[in-house]
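Residue strings, one per chain:
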Amino acid sequence: MRIQGTIIDDTFAEAFRMWAARLVVTAIDAAWLETAVRTVTGYATSVIGCDAEAALERMIPASETPDGRPGAALLFFAFNADKLAKALPNRVGQCLMTCPTTAVYDGLPDVKVTEDSARISVGAKIRFFGDGHQKSKAIAGRRYWRVPVMDGEFVVEESVGAVKAIAGGNFLVCGPDQATTLAATRRAVDAIAPLPDVITPFPGGIVRSGSKVGSRYKAMFASTNDEYCPTLRSRGKTKLHDGVGCVYEIVLNGLSKEAIVRAMAVGIRAACGPGTVAISAGNYGGKLGKFHFKLHEVLAEGGA
Amino acid sequence: MSGYTLTWKPHGPPALADGAALRPDVLGALAPDALRAVALKVGRDSVPLGDLFDVSGESGPTLTLRGVPPLPRMGAKMVSGELIIEGNTGDDLGASMRGGVIRVRGRAGHRVGGPDYTSDRGMTGGEIVVSGDAGDYAGLRMRRGLIAIGGAAARSPGFRMLAGTVVVARGALDSPGLEMQRGTVVALDSSVTPARHAWFQCEGEFPLTSMPAALLLVRRLAELKATNGSVAANAVVNLSSGDRFGLGKGELWQIRS
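Residues numbered from 1 in each chain as written. Chains lettered and ligands numbered in written order. Predicted model: local features only at pLDDT ≥ 70, side-chain atom pairs only at ≥ 80, totals over all residues.

Undergrad: Which residues make up the overall build of chain A, and what are the values?
TA: Looking only at helices and strands, chain A has six helices and 17 strands in total. A globule of 304 residues ought to have a C-alpha radius of gyration of about 19 Å, and chain A, at 21 Å, matches this closely. On the principal axes, the C-alpha backbone points of chain A span a range of 65 × 45 × 35 Å. Within chain A, the proportion of its 304 residues that are buried is 48%. (Helix = DSSP H or I, 4+ residues; strand = E, 2+ residues; numbered from the N terminus. Rg over C-alpha atoms; globule rule 2.2 N^0.38 Å. Buried ≥ 20, exposed ≤ 12 C-beta atoms within 10 Å, placed from the backbone.)

Pasting the structure below:
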């Protein structure tokens, strides 16, 4: 299969189950909002080494946020609800409560406690920073904590909804050199950015150090994806097409299978074209996850 | 919004009728015949609802009352649904209610959202929106929820309140929040100079945009169409804490545009 001359490998991306929560963060202006977003989604690329994977889902105009100020929707992913329940209060407490003018709201307010969903205490834990001066306010069936801070009040919703989600959807953009491949991958990231229910948690949405499961070293449970490293082309089994000197990966975490399929299709089509030799995907022989996104099927289903 | 409409028949003994049975969560689930047979207390007697009201509409979560005299205890203890009262109400509107919305297109009597006769707590949830004035002690002993009064309130709105929010859109507040424990009494009338209440400590004046909780409240009031005017983006909140003779965790907000 080819799109605009780019080879689409007959392979699949292998993704796995994670839990996700959506926070809506507001601030007094766009500048402080951006600071808050950057801070709270920092060091949140991969659960290989981070407590959560997180990124901006979309910016929200002031007219659509709970308090009428500029806002952003952020998605956070962790292996299970317990890990999310640890990561979120830490990140909100250290990165958002400390950031001037912010407030934090639940982006999945309709989520109830079921087998496939949970409520994660956030404000209910952070409120103790108020040292007895904290106050709660229930408005329209939602409960918020008001923690006095030195610029006024930090408002944070008592709990946020968390749902079963999917992480690790991916595709690889294979090109002749860094500049050409990076440009194609950026096109894909930019095309994915407006889509709802999905994030690309790595730096700028792009991974250069794609990984495989396992290592020759006992302490490591992931190591470099040597089959796609151009400098190892001659040393073992390579999966690189002729003429490929650089590979970048886009990893996608989404609230649903449909969200990932849509994002993969949009991203792959954007990355294809002159200079992009091939599109492939990372899979680990079924060892990593139960969700398999076959590239050819994704492109047929995902439209765009 | 589906539900029944009850139109008061122009006769009967209104002064002695008890409005406590007029709850959307209870009446809205009944078939029309069963609804007409519901017993309303009138003094020491019980009268079928169908003798006092013409019934129209169908079962559903909304109950609309038309032409009804200002009966006491309308919406008492309701837990869900929407009660729309086209006219004035008597005392103890929404007494000890736990959820749902009451909308009054007129005036309300004393103790809006206060405790029912058998309880020491006022409303513990839900929202009451009154388009006109309200009587004394709106929010008496309320524990949670929102009372929004589009007109003025008489003596001490938020009197002895435990928590929750009482909003008064017009006029100065007369001794607000006396003996309140927690909760917020909000005045929206910009034409009134912020009062200095001896039993409250003024904390200062803050831009509305720096108080997200106030922004959330303002937005909710707009969604409920609870006040006639909108609050300007550059409004400020004059904040006082008290009652200092009580727990001291209550608040008075005067939001001024």
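So that's the structure; there's more coming.
Undergrad: Just give me the short version of unusual backbone geometry, but keep the residues and values in it.
TA: All names here are of chain B. Cis geometry is found at the peptide bond from G242 to D243, where omega equals -15°. Mapping D243 onto the fold places it in the loop between β13 (236-242) and β14 (250-256). With a phi angle near 55°, R141 is a residue other than glycine that sits in the positive phi range. With respect to the helices and strands, the residue R141 is situated in the loop between β8 (127-130) and β9 (146-149).

Undergrad: Tell me about the domain arrangement of chain A, and please be specific about residues and values.
TA: All names here are of chain A. Segmentation of chain A into domains returns domain 1 (2-14 + 166-301) and domain 2 (18-163). Between the C-alpha centres of domain 1 and domain 2 there is a distance of 30 Å. Across the boundary between the two partners, domain 1 contributes 13 residues, which contact 13 residues of domain 2. Class assignment of the residues belonging to the side of domain 1 that touches domain 2 gives a composition of 10 nonpolar, three polar and no charged. (Domains from an automatic or database assignment. Contact = placed C-beta atoms within 7 Å. Nonpolar A, V, L, I, M, F, W, Y, C, P; charged D, E, K, R; others polar.)

Undergrad: Provide a residue-level description of the domain arrangement of chain B, including the pertinent values.
TA: All names here are of chain B. Looking at chain B, the domain boundaries give domain 1 (1-69) and domain 2 (70-256). Look at where the C-alpha atoms of domain 1 and domain 2 centre, and you get two points 28 Å apart. Facing the 20 residues of domain 1 at the interface are 19 residues of domain 2. Elements that contribute at least two residues to the side of domain 1 that touches domain 2 include exactly α1 (24-27) and β5 (62-66). If you tally residues by element for the side of domain 1 that touches domain 2, the top one is β5, at five residues. Grouping the constituent residues of the side of domain 1 that touches domain 2 by class yields 11 nonpolar, five polar and four charged.

Undergrad: Lay out the interface of chain A and chain B with the relevant residues and their values.
TA: By a widely used convention, the size of an interface equals the accessible area lost when the partners come together. Listed as interface residues are 18 residues of chain A and, on the opposing side, 14 residues of chain B. Contributing elements (two or more residues each) for the side of chain A that touches chain B: β8 (135-139), β9 (142-149) and β10 (152-157) of chain A. Among the elements that make up the side of chain A that touches chain B, the one with the highest residue count is β8(A) (four residues). Looking at side-chain class alone, the side of chain A that touches chain B contains eight nonpolar, three polar and seven charged residues.

Undergrad: Could you give an account of the confidence of the model for chain B, with specific residues and numbers?
TA: On average, residues of chain B score 93 in pLDDT, and 97% of them are at 70 or above. The complex model carries a pTM of 0.93, and its ipTM stands at 0.92. (pLDDT = per-residue confidence, 0-100.)

Undergrad: Mind laying out the nonpolar core, listing which residues take part and the relevant values?
TA: Residue and element names in this part refer to chain A. Grouped together as the largest cluster of nonpolar side chains are 168 residues, with contacts concentrated most on V25, L74, F76 and L84. Of all the elements, helix α5 (residues 257-271) adds the most residues to this core, at 10 residues. Ignoring anything within four residues of it in the chain, the contact list for V25 reads L33, A36, V37, G71, A72, L74, L96, T102 and V104. (Core = buried A, V, L, I, M, F, W, Y, C linked by C-beta atoms within 7 Å.)

Undergrad: Describe the packing of helix α4 (residues 178-192) of chain A against α5(A), listing the residues and the values that go with them.
TA: Residues and elements named next belong to chain A. Interhelical geometry of α4 versus α5 gives an angle of 145° and a closest axis separation of 7 Å. Seen from above, α4 lies across α5 with right-handed handedness. Contacts between α4 and α5 pair A184, T185, R187, A188, A191 and I192 from the former with A263, V266, G267, A270 and A271 from the latter. Counted by class, the contact of α4 with α5 contains eight nonpolar, two polar and one charged residues. (Axes fitted to C-alpha atoms, helices over the stretch in contact; angles between N-to-C directions. Left-handed = near helix turned anticlockwise from the far one by under 90°.)

Undergrad: Explain the environment of G126(B) to me, using residue names and the numbers behind them.
TA: Residue and element names in this part refer to chain B. Structurally, the position occupied by G126 is in the loop between β7 (101-104) and β8. Linking G126 and R107, residues 19 residues apart in sequence, is a C-alpha distance of 19 Å. Once you skip the residues sitting within four places of it in the chain, G126 turns out to touch M97, R98, G99, G100, V101 and G145.

Undergrad: Talk me through the environment of H133(A); I want residue IDs and the actual numbers.
TA: Looking at the secondary structure, you find H133(A) in the loop between α3 (123-126) and β8. Put simply, H133(A) and G275(A) are 142 residues apart on the chain and 61 Å apart in space, counted from C-alpha to C-alpha.

Undergrad: Describe the environment of R105(B), listing the residues and the values that go with them.
TA: All names here are of chain B. Relative to the helices and strands, R105 resides in the loop between β7 and β8. Sequence separation between R105 and E58 is 47 residues; the distance between their C-alpha atoms is 22 Å. Beyond its immediate sequence surroundings of up to four residues, R105 is in contact with I85, E86, G87 and S131.

Undergrad: Describe the packing of helix α1 (residues 30-40) of chain A against helix α2 (residues 81-96) of chain A, with residues and values.
TA: All names here are of chain A. For the pair α1 and α2, interaxial distance at closest approach is 9 Å and the crossing angle is 140°. By the criterion of interaxial angle, the relationship of α1 to α2 is oblique. In this structure, the crossing between α1 and α2 has a hand that is right-handed. Contacts between α1 and α2 involve A36, T39 and V40 on the former and, on the latter, R91, C95 and L96. Class assignment of the residues belonging to the contact of α1 with α2 gives a composition of four nonpolar, one polar and one charged. (Parallel < 35°, antiparallel > 145°, perpendicular 65-115°, else oblique.)

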